[in-house]
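# Geometric and topological summary
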Amino acid sequence: MIDFFKKLFKPEGSSSTARERLRLVLLSDHLSLAPDVVESLKLDLIAVISKYVEVDEAACDVTFERQDSAIAMMANIPILAMKTRPPSPPPAPSAPPSAPEPPPSSFGTPATAKVAEEAPSPKPPAAPRRKRRRRRPGVTPSLGSAAPAPG
Amino acid sequence: MHDVQPEPVAAPIPKPRGRAIVITSGKGGVGKTTTTANIGAALARSGASVVLVDADVGLRNLDIVMGLEARVRHHVLDVLESRATLDDALVTDKRVSTLRLLAAAQTREKDDVDTNAMHDLVDTLRERFDYVLIDCPAGIEMGFQNAIVGADEAIVVCTPEVSAVRDADRVVGLLGNREKIWLVVNRLRPALVRKGKMLSVDDVNAILRLPLLGVIADEPGVIVSTNKGEPLALDDTSPTGAAYRAIAGRIAGTDTSAPVIPTEPTAMQRLGAFFGGSAR
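Residues numbered from 1 in each chain as written. Chains lettered and ligands numbered in written order. Predicted model: local features only at pLDDT ≥ 70, side-chain atom pairs only at ≥ 80, totals over all residues. Heavy atoms only, no water.

Our focus in this paragraph is the overall build of chain B. For chain B, the helix and strand inventory stands at twelve helices and eight strands. Per-residue burial over chain B gives 51% buried out of 280 residues. Long-range pairs, those at least 24 residues apart, make up 77% of the contacts in chain B with a sequence separation of at least 6. Split by element, the accessible area of chain B, about 13400 Å² in all, is 53% carbon and sulfur. (Helix = DSSP H or I, 4+ residues; strand = E, 2+ residues; numbered from the N terminus. Buried < 20%, exposed > 50% of the residue type's maximum accessible area, 1.4 Å probe, protein only. Contact = heavy atoms within 4.5 Å. Areas by Shrake-Rupley, 256 points an atom, 1.4 Å probe, with all protein chains shown as cover.)

Encoded structure:
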């Protein structure tokens, strides 16, 4: 009803039709994907993400935007709640507020983070060792001179 | 004491290489040739040496728009195939002495042009002229490839139509990495835009996202000027001519003002036009 009056008093020009047609035609040009393919891609995306988190399917929006020379897929998928999994470790619920971006993989992050912390720690001692090795040729004369002294 | 080094003082300062700019659009009939003629005339009038190259082999038009068709003796393929020297083929403009035209062959096909030879020709022209403007044929086939091969910069001409924007978008993708790709929006009808019946400049550039060089209104003066073979850019009384001169200024870097979007003529201007204004 409101739409009717809107159309009555301010007839919508055909430029909005042109804009919409242009948007759609360029979308498929850039992707070489038909609109129904885009729709099924969106449904598949939602299905995959729904395995990990509860999403608001009605508010999901998948669009494609051109950024300079590349095309980016923008998926706006509102998350309603996290799906609790039996083996999830206790720090998982506290992870989303600090790092909201990777909630699905957050279950694995504590473990990988520890590995990452441990990994660099042996490296710094390793570097000086190498340096010492390199210095050895220069050091050996002094060692050599020290060696004959007792002998 | 020191070795005698050759003094470079006496050597003439080499002219900096000119700029090669291709005017393209993808879609035909959006005003590439008119844009080429007017930008060339405006650049030349400001003192630069300019050569216009008609790369639309088989459908020669630039000479007509420039009003130089009677002076053409040789064309670009005569030069590429060594039947004529470059100097023989270059036509000097009637009005601006620093403006030259290299016409296309009318009775040949686009595939007859050797892409490497075309590249070399543009390079040769860049040694001699400040600006080499190449009028690209419609389409994205061989003629397009030959027209863009020597150009570092491109001007994409687009009208506010779905088909033109789509083709321009495709062409921008095909142009790849150029030093600069500009946009000229041609044939804008301000009254229709106001009524929401035509895509606006913003609508067009929301898709193409190119630096806007200028906007040309769809007005009778453009048709009249092509009828006569006199580029509007040389007409001091024409607002469209002024718009072309501003475009030339932006290319040269002398005009840093933002492009003016044409507005509807006032009642007085319409009255003036009715009683025999500039458009005849």
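A word on the overall build of chain A. When helices and strands are tallied, chain A shows six helices and four strands. Mapped in sequence order, the helices and strands of chain A form the string α-α-α-β-β-β-β-α-α-α. Residues classed as buried in chain A amount to 16% of the 151 residues present. Within chain A, contacts between residues separated by at least 24 positions form 38% of all contacts whose residues are at least 6 apart in sequence. Counting every atom, chain A has about 11700 Å² of accessible surface; 60% of that belongs to carbon and sulfur.

What follows deals with the pattern of salt bridges. Side chains that carry opposite charge are capable of pairing whenever their charged atoms lie near each other. All names here are of chain B. Counting across every chain of the model gives 17 salt bridges over all chains. For Asp236, the salt bridge identified is with Arg45, shortest N-O distance 3.1 Å. Taken together, the residues Asp236 in the loop between α10 (220-228) and α11 (239-252) and Arg45 in helix α1 (residues 32-45) connect sequence positions 191 residues apart. Among the ionic pairs, Asp63 bridges to Arg60, the shortest N-O distance being 3.5 Å. (Salt bridge = Lys/Arg side-chain N within 4 Å of Asp/Glu carboxyl O.)

The next subject is the interface of chain A and chain B. Across the contact, eleven residues belong to chain A and 14 residues belong to chain B. Here chain A meets chain B over a buried area of about 1200 Å², counting both sides, of which 55% is carbon and sulfur. Applying the counting criterion to the chain A and chain B interface returns one salt bridge. Close ionic contact of Arg19 of chain A with Asp203 of chain B constitutes a salt bridge, the shortest N to O distance being 2.7 Å. Run the count over chain A and chain B and you get three residue pairs in polar contact (both at pLDDT 80 or more). With nine residues, the top contributor of residues to the side of chain A that touches chain B is helix α2 (residues 14-31) of chain A. Taken together, the residues of the side of chain A that touches chain B sort by class into four nonpolar, four polar and three charged. (Buried area = accessible area lost by both parts, 1.4 Å probe. Polar contact = N/O pair within 3.5 Å; in protein donor to acceptor, adjacent residues only side chain to side chain. Nonpolar A, V, L, I, M, F, W, Y, C, P; charged D, E, K, R; others polar.)

As a further point, take the side chain of Lys32 of chain B. Residues and elements named next belong to chain B. Mapping Lys32 onto the fold places it in helix α1. Buried Lys32, no salt bridge; nearest opposite-charge side chain is Asp135, N-O distance 6.1 Å. A polar contact is formed between the side chain of Lys32 and the side chain of Ser25, at a distance of 2.9 Å. Non-local contacts of Lys32, meaning those with residues more than four positions away in its chain, are made with Ile23, Thr24, Ser25, Lys27, Asp135, Cys136, Pro137, Ala138 and Val157. (Lys, Arg positive; Asp, Glu negative; His and termini not counted.)

Per-residue confidence for chain A gives a mean pLDDT of 62; residues scoring 70 or more make up 42%. The least confident element of chain A is helix α5 (residues 109-118) of chain A, whose mean pLDDT is 36; the most confident is strand β1 (residues 53-55) of chain A, at 90. (pLDDT = per-residue confidence, 0-100.)

Once that is clear, we can look at a nonpolar patch on the surface. Residues Met268, Leu271, Phe274 and Phe275 of chain B make up a contiguous nonpolar surface patch of roughly 540 Å² in combined accessible area. Positionally, Met268 of chain B belongs in helix α12 (residues 267-274). (Patch = residues over 30% accessible without salt bridge, like charges linked within 9 Å, V, L, I, M, F, W, Y side chains within 5 Å.)

With that settled, consider α1 of chain B. All names here are of chain B. For α1, with 14 residues, the first-to-last C-alpha span of 20 Å sits near the 20 Å given by 1.5 Å per residue. The element α1 is extensively covered by neighbouring structure, given that 13 of its 14 residues are classed as buried. Remark: Gly47 follows α1 within two positions and exhibits a positive phi of approximately 110°. (Expected span 1.5 Å × (residues − 1).)

Another aspect to go through is the packing of α2 of chain A against helix α7 (residues 162-175) of chain B. Relative orientation of the contacting elements α2 of chain A and α7 of chain B amounts to 30°, with a least axis distance of 10 Å. Here α2 of chain A lies roughly parallel to α7 of chain B, going by the angle between them. Crossing geometry of α2 of chain A relative to α7 of chain B is assigned as right-handed. Residues Ala18, Leu22, Val25, Leu26, Asp29 and His30 of chain A of α2 of chain A form the contact with α7 of chain B, whose own contacting residues are Val162, Val165, Arg166 and Asp169 of chain B. Class assignment for the residues of the contact of α2 of chain A with α7 of chain B results in six nonpolar, one polar and three charged. (Axes fitted to C-alpha atoms, helices over the stretch in contact; angles between N-to-C directions. Parallel < 35°, antiparallel > 145°, perpendicular 65-115°, else oblique. Left-handed = near helix turned anticlockwise from the far one by under 90°.)

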